[in-house]
Amino acid sequence: MPLPHIQFKATNTKLDQRLTMLVEQKFVSLEKYIGDETAVKCAVEFEKETAKQSGRVFRVEANLTLRGKLYRAEASEESFEQAIDEV
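Residues numbered from 1 in each chain as written. Predicted model: local features only at pLDDT ≥ 70, side-chain atom pairs only at ≥ 80, totals over all residues. Heavy atoms only, no water.

1. Focus on the packing of aromatic side chains
The full count for this structure, using the stated rule, is three aromatic pairs. Centroid distance F46 to F80: 5.4 Å. Interplanar angle 90°. Geometry classified as edge-to-face. Taken as a pair, F46 in strand β2 (residues 41–48) and F80 in helix α3 (residues 80–86) lie far apart in primary sequence, 34 residues in all. Of the two residues, F46 and F80, neither departs from the other in class, the shared state being buried. A ring pair is formed by F58 and F80, whose centres lie 4.9 Å apart and whose planes are at 65°; its orientation type is edge-to-face. Here F58, found in strand β3 (residues 58–66), pairs with F80, found in helix α3; they are 22 residues apart in sequence, far enough to count as distant. When its relative accessible area of 8% is taken as the criterion, F80 is described as buried. Aromatic ring contacts, followed pair by pair, group F8, F46, F58 and F80 into a single cluster. (Phe/Tyr/Trp six-rings, centres within 6.5 Å; stacked < 30°, edge-to-face > 60°. Helix = DSSP H or I, 4+ residues; strand = E, 2+ residues; numbered from the N terminus. Buried < 20%, exposed > 50% of the residue type's maximum accessible area, 1.4 Å probe, protein only.)

Next up, the structure:
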């Protein structure tokens, strides 16, 4: 089964189609773990932390619900691309 629709959210930033496409490309590798499961939810949030001015201010959080279990990954890096790679 292909990866389900990913629900994207942006906090303190605008949703960038280039970044959402990058997430989708990276998450394709998860398909092998999903198998034939149909009750799968996936949500990704992009956030620019406004309390900081420089450094690791770009945070990406991913939540995948599969077979009743929640898998979560989060990373803060110097760019959204780096945070996506880390997640």
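2. Details of the pattern of salt bridges
Across all of its chains, the model carries eleven salt bridges by this definition. Put simply, E47 and R59 hold a salt bridge, and the shortest N to O gap is 2.7 Å. You can see E47 sitting in strand β2 and its partner R59 sitting in strand β3, a full twelve residues away along the chain. Judged by relative accessible area, which is 18%, E47 ranks as buried. Between R72 and E61 there is a salt bridge, with its nearest N and O atoms 3.4 Å apart. (Salt bridge = Lys/Arg side-chain N within 4 Å of Asp/Glu carboxyl O.)

By themselves, these observations are geometric and do not establish any function.
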